[in-house]
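Descriptive analysis of the structure
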Amino acid sequence: MMKGGLGNLMKQAQQMQDNMKRAQEELASVEVEGQAGSGLVKIVMTCRNEVRRISIDDSLYADDKDMLEDLLVIAFNDAARKADATSQERMSGLMAGMPIPPGMKLPF
């Protein structure tokens, strides 16, 4: 009886590992957009935090450099938060039904 339970647990662990790998590969292509200044600066990045595009409204080129730099930081941080949230959402759905202690974050 114990052997079958351990075998099933190992099978579930392997399946979970395969599913996590597949989900991580999918997240590499999922894009999120962060914005700042009511959309004057936009950054598109993947859920693996790879920046794909940066869009800066032409009106900002006439303003001071410090403000533009601040808006870029805000937009990047917004995109990074969205990427993290999307990743957590997708990974938590993957872990549903698995006996994982509360509060444990995956992947490790």
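What counts and what doesn't
- Residue positions are given per chain, counted from 1 along the sequence in the order it is written.
- The predicted nature of this model means local features are confined to residues of pLDDT at least 70 and side-chain atom pairs, given and counted, to a pLDDT of 80 or more, with totals for whole chains, interfaces and linings taken over all residues.
- Note that water and hydrogens are dropped before the side-chain values are worked out from all heavy atoms of the structure.
- A run of H or I in DSSP becomes a helix once it reaches four residues, and a run of E becomes a strand once it reaches two; helices and strands are each numbered from the N terminus.
- Note on definitions: a residue-residue contact is assigned when non-hydrogen atoms from the two residues lie within 4.5 Å.
- Accessible areas in this description were obtained via Shrake-Rupley with a 1.4 Å probe; residue shielding takes into account the shown protein chains only.
- Put simply, a nonpolar core is a bunch of buried Ala, Val, Leu, Ile, Met, Phe, Trp, Tyr and Cys residues held in one set by side-chain atoms that sit within 4.5 Å of each other.
- A 1.4 Å probe rolled over the protein chains alone gives each residue an accessible area, and that area as a share of the maximum for its type sets the label: buried under 20%, exposed over 50%, partly exposed in between.
- Salt bridges are identified by distance alone: a Lys or Arg side-chain nitrogen within 4 Å of an Asp or Glu carboxyl oxygen.
- Strand pairing requires that DSSP identify at least two bridges connecting the strands.
- To count toward a patch, a residue needs a relative accessible area above 30% and no salt bridge. Like charges then connect within 9 Å, nonpolar side chains (Val, Leu, Ile, Met, Phe, Trp, Tyr) within 5 Å.

**Structural notes on the overall build of the chain**
Across its full length, the chain carries two helices and three strands. Ordered by position from the N terminus, the helices and strands of the chain form the series α-β-β-β-α. A separation threshold of at least 6 residues defines the contact pool for the chain, and within that pool the share at least 24 residues apart is 51%. Put simply, the chain shows about 7,700 Å² of open surface, and 54% of that area lies on carbon and sulfur atoms.

**Re the nonpolar core**
Of all hydrophobic cores here, the largest spans 15 residues; its most connected members are V32, V41, M45, C47, L60, L71 and A75. Looking at this core, the elements that each hand over two or more residues are β1 (31-36), β2 (41-46) and α2 (65-95). Looking at this core, the element that brings in the most residues is α2, giving six residues. With sequence-adjacent residues up to four places away left out, V32 is seen in contact with I43, V44, M45, C47, A79, K82, A83 and T86.

**Quick word on the pattern of salt bridges**
This model, assessed by the stated rule, comprises five salt bridges. Between R52 and E50 there is a salt bridge whose closest N-O contact spans 3.3 Å. Overall, E50 belongs to the partly exposed group, its relative accessible area being 46%. Through salt bridges with shared partners, a single network forms among E31, E50, R52 and R53.

**A few points about the pairing of β1**
By the alternation rule, side chains of β1 split into V32, G34 and A36, which are all buried, and E31, E33 and Q35, of which none is buried. Alignment of β1 against β2, held across six bridges, turns out to be antiparallel. Across the sheet, residue E31 finds its bridge partner in β2, namely T46. The hairpin turn running from β1 into β2, its antiparallel successor, is four residues long, and G37 in that turn takes a positive phi close to 60°.

**Thoughts on a nonpolar patch on the surface**
Residues L6, L9 and M10 make up a contiguous nonpolar surface patch of about 320 Å² in total accessible area. Mapped onto the fold, L9 is located in helix α1 (residues 2-27).

**A short note on the environment of N49**
Mapped onto the secondary structure, N49 falls in the loop between β2 and β3 (51-56). Take N49: its relative accessible area is 39%, and that puts it in the partly exposed class. On a C-alpha basis, the gap between N49 and A28 in space is 8.5 Å, while along the polypeptide they are 21 residues apart. In this view, N49 contacts A80, A83 and D84; residues no more than four positions away in its chain are not counted.

Any link to function would need more than the numbers given here.
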